[in-house]
Amino acid sequence: MISARSWAALGLLLLVFAIATFQMSSGLFTIDEFILYAGADAMWRSGGFAIDNGIAGVVSNQLKPMLMVAGPHGIVPQYPPGMSVLGAPLLALFGMHGMMLLNSLSAAVTVWLLWRMAARHFGGQRVALAACALLLAGSFYLEYAFAVWPHAVSVMCVTGAVSLAFDSMTDAQGRARRSLAIGALIGLGVLFRTDTVLAVPALAMALFLFADRPFYRLALTGAGFAPFVALASLANLAKFGTLNPVSYGQAMAGGTNFASHALAMAGLVVAGLLAVAGRLAWDRYGRRVTNWRPALWIAGALVLITAVVAHAFVWRYLHGFWALVVDATQVQAMQPGMQHLPNGTLSYWGFWKKALGQSMPWLGVLAALVYAGRGIDRRIRWTVALLALVWSLPFFPKDWHGGMGINMRYFLPLVPLLAVFAASLIAELAQAGTATKRKLIVGAGLGVAAHLLWIEWHPTHIAGANQILPTWLFLLTAVLALAAGLRWRGQGALRSLAMVAVGAGIGMAAMLGWGDLHDSQRTRDRANVLSREYGQMPANSLAFIPAPFLVGWALEPGHVIAQRNIGTGKFDFDLIDQAIDRGYRVYIWPRFVTRALIDQPGYRLEKSGLSTGRAELFELVRADKAQSPEYAD
């Protein structure tokens, strides 16, 4: 039963996050967010998914914006339908802030769910308060709470489903209600982000292994999940002509091609079958067998044999773990805009992308789980381990870092769980020491100071403060957290050092999280400025300009976005010729201008007067056109 006080707390959180949303920039951070905005705009205008972006009688692949798909009924967003459907009325009511509101309110609910889960299963209100503080002030969560791409919705759904799974394992009451809700929450998340489906195999195995009446629970979980899968399938049938509920409408897009994960899926199937066999064996023989060690040795041997047979996959997985959790500079899945610099850092369009441990060095305290955390229910520990393992399978073996972004956004649904485990461990280690709060505060001050001094004095400056310093702090925290479990005369000193290191990790994470939020807001502000300036382009224009800079201009009749070839940077001059023949003017973003474009026979570039400095657009005109006086040098 949820108390009136708890409902009041949720209401306050929703109010605070809603007010904060309208104080944030409404600009777009990436092309992904533009695609989501375009889907909501199309849904509000036409009641369908297809956008209007074409020139009558002209066919070109470059008229299909990046991350959109040519479906049976026109050009459609590749992403799930949730933001198109629910975002449409919010966009109409509040503009871009309305689409962000869906995320910010989800973020508020997540904080409330985390509090309840931590207080119930991880040690009470002190741990709950610490977990929420780590999530809000010690991670990159707020960057995605005030954004258009629906990561916060996915986090809310996964957190809610996991919390209900914990309740199901520890309390036999409300089996039907909780099981249905678990499936429904995951299904709702799939309508916004396809990676939410990863919670299905993890929680299914956990419920089967650790909850009573497993077949009954799984059947009801499936019943809760099924309606949302049906909705996703119908939406994809309308968009792409396929009933695959997690399709992006094109091969390999977003990692949704099942064939690309064949080995991981086979492993999950085998693990699922072993889980079924293990549960059945336990139910039948658990009370008769007094020594399970031979079975455990056999299971360990099977795991070792599997690792040897699939050694190439295991090696890729371990490398991905290091690159995505420990040190992002080791990423091998390079994308346009990524550049390894001589100083040992990695630039991604001017951002310093961070691994999980680099964003949150306090994660090193989780190494203490080797000997601590005994107060956390064993079933809960294994459930989170299963979820983390399953969630990592599509990403670690491919070094897939989630593309454009400042941090590891694909792992955001795990961050609340990491926060509550860390908070529980900190509380447990604190009980064995003295003046722990003071050590954490001192450590936090040292972490902030180290971050600022590194930026000012170290040759790598801000890059190293994001990608080098936090790596070493994360590893140091992990080593000290492990060593604090050793029983010897210096154990007290090691625990004190571990607390200081954890505090330093929290302080540094707060600085890094604030920096990420600041960078994203600055990027969004810049997108707003350019959208206003580029919005002065006349009707009947063809714009080779990044879509996030065209909000308010794009998606109107005669306002056509074009996308040059991403791999080669080449332009479709058949498209350009036909557009000019039909009276369209052609504008080029300055960073898209290449020597080949400048030297293209029959054309010349003129300054457009739209924006200033390095952001000023060029107009591409035919060489035989008289030069306008305002364009003359």
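**Let's talk about the packing of aromatic side chains**
Then, in step 1: This structure, assessed with the given rule, holds 22 aromatic pairs.
Then, in step 2: Ring geometry for Phe 29 versus Phe 351: centroids 5.6 Å apart, planes at 40°, classification tilted. Linking Phe 29 in the loop between α1 (4-21) and α2 (31-46) with Phe 351 in the loop between β4 (346-348) and α14 (356-359), this pair joins segments that are 322 residues apart in sequence.
Then, in step 3: Members of the aromatic cluster, connected to one another through ring pairs, are Tyr 317, Phe 321, Phe 395, Phe 396, Trp 400, Tyr 410 and Phe 411.
Then, in step 4: Looking at Arg 116, its charged tip hangs above the ring of Trp 112, at a distance of 5.4 Å from the centre.
Then, in step 5: When the ring centre of Tyr 216 is taken as origin, the NZ or CZ atom of Arg 213, which lies over that ring, is 4.3 Å away.

**Thoughts on the nonpolar core**
Then, in step 1: Judged by nonpolar contacts, the single largest core of 172 residues is most densely connected at Phe 34, Tyr 534, Met 537, Leu 542, Phe 544 and Ile 545.
Then, in step 2: Broken down by element, this core gets its largest block of residues, 13 residues, from helix α4 (residues 96-121).
Then, in step 3: Grouped together as the second largest cluster of nonpolar side chains are eight residues, Trp 454, Ile 468, Leu 469 and Leu 512 included.

**Looking at the environment of Val 384**
Then, in step 1: Positionally, Val 384 belongs in helix α15 (residues 378-392).
Then, in step 2: Note on Val 384: relative accessible area 13%, which makes it buried.
Then, in step 3: Along the primary structure Val 384 and Leu 417 are separated by 33 residues, whereas in three dimensions their C-alpha atoms are 7.6 Å apart.

**Here's the deal with the sheet that holds strand β6 (residues 559-561)**
Then, in step 1: Read across the open sheet, the five strands follow the order β6-β5-β7-β9-β8; overall the sheet is mixed. Of all strands in the sheet, those bounded by a partner on one side alone are β6 and β8 (603-607). Geometrically, the sheet is characterised by an average inter-axis angle of 30° between neighbouring strands, direction not taken into account.
Then, in step 2: Here strand β5 (residues 541-544) runs beside strand β7 (residues 585-588); their pairing, made up of four bridges, is parallel. Among the inter-strand pairings, Ala 543 is bridged to a residue of β7, identified as Tyr 587.
Then, in step 3: Against the sheet, helix α21 (residues 573-581) touches β5, β7, β8 and β9 (618-622), its axis set at about 80° to β9.

**So, the side chain of Thr 30**
Then, in step 1: Note that Thr 30 resides in the loop between α1 and α2.
Then, in step 2: Of note is the side chain of Thr 30, whose polar atom sits 3.2 Å from the side chain of Asp 32.
Then, in step 3: In contact with Thr 30, other than residues within four places in its own chain, are Trp 149, Met 404 and Pro 548.

**Remarks on helix α5 (residues 125-137)**
Then, in step 1: The terminal C-alpha atoms of α5, which comprises 13 residues, lie 18 Å apart, in line with the 18 Å expected from a rise of 1.5 Å per residue.
Then, in step 2: Among the residues making up α5, those that are buried are Val 127, Ala 128, Ala 131, Cys 132, Leu 134 and Leu 135. Viewed end-on, α5 has its buried residues packed into an arc of 160°, placing them on one side of the element. When the buried face of α5 is taken as reference, the exposed residues oriented beyond 90 degrees from it are Gln 125, Arg 126 and Leu 129.
Then, in step 3: Turning to α5, the residues buried within the fold contact α4, α6 (141-145), α16 (415-431) and α20 (491-534).

**Considering the packing of helix α9 (residues 199-210) against α15**
Then, in step 1: At their nearest, the axes of α9 and α15 sit 8 Å apart, and the two run at 155° to each other. On the basis of their axis angle, the class for α9 and α15 is roughly antiparallel. Seen along the crossing, α9 lies across α15 with a hand that is right-handed. Contacts from Ala 199, Pro 201, Ala 202, Leu 203, Met 205, Ala 206 and Phe 210 in α9 reach Arg 378, Arg 379, Trp 382, Thr 383, Leu 386, Leu 387, Val 390 and Trp 391 in α15.
Then, in step 2: Tallied by class, residues from the contact of α9 with α15 come to 12 nonpolar, one polar and two charged.

**Considerations on the pairing of β7**
Successive side chains on a regular strand alternate, one facing one side of the sheet and the next facing the other.
Then, in step 1: Judged from the three bridges that link them, β7 and β9 form a sheet pairing that is antiparallel. Bridge pairing links Tyr 587 to Glu 619 in β9.

**Re the pattern of salt bridges**
Then, in step 1: Counted under the stated rule, the structure contains 16 salt bridges.
Then, in step 2: Where Asp 519 meets Arg 522, a salt bridge forms, and the shortest distance between an N and an O atom there is 3.4 Å. Placement of both Asp 519 and Arg 522 in helix α20 is noted, with a separation of three residues, approximately one turn of the helix.
Then, in step 3: A salt bridge links Arg 604 to Glu 606; the shortest N-O distance between them is 2.8 Å.
Then, in step 4: In this structure Glu 606 comes out as buried when scored by relative accessible area, which is 3%.
Then, in step 5: Members of the salt-bridge network, linked through shared partners, are Arg 120, Asp 167, Asp 171 and Arg 178.

Cut-offs and rules
Residues numbered from 1 in each chain as written. Predicted model: local features only at pLDDT ≥ 70, side-chain atom pairs only at ≥ 80, totals over all residues. Heavy atoms only, no water. Phe/Tyr/Trp six-rings, centres within 6.5 Å; stacked < 30°, edge-to-face > 60°. Helix = DSSP H or I, 4+ residues; strand = E, 2+ residues; numbered from the N terminus. Lys NZ or Arg CZ within 6 Å of the ring centre and 35° of its normal. Core = buried A, V, L, I, M, F, W, Y, C linked by side-chain atoms within 4.5 Å. Buried < 20%, exposed > 50% of the residue type's maximum accessible area, 1.4 Å probe, protein only. Pairing = 2+ DSSP bridges. Axes fitted to C-alpha atoms, helices over the stretch in contact; angles between N-to-C directions. Contact = heavy atoms within 4.5 Å. Polar contact = N/O pair within 3.5 Å; in protein donor to acceptor, adjacent residues only side chain to side chain. Expected span 1.5 Å × (residues − 1). Arc of directions from axis to C-beta. Parallel < 35°, antiparallel > 145°, perpendicular 65-115°, else oblique. Left-handed = near helix turned anticlockwise from the far one by under 90°. Nonpolar A, V, L, I, M, F, W, Y, C, P; charged D, E, K, R; others polar. Salt bridge = Lys/Arg side-chain N within 4 Å of Asp/Glu carboxyl O.

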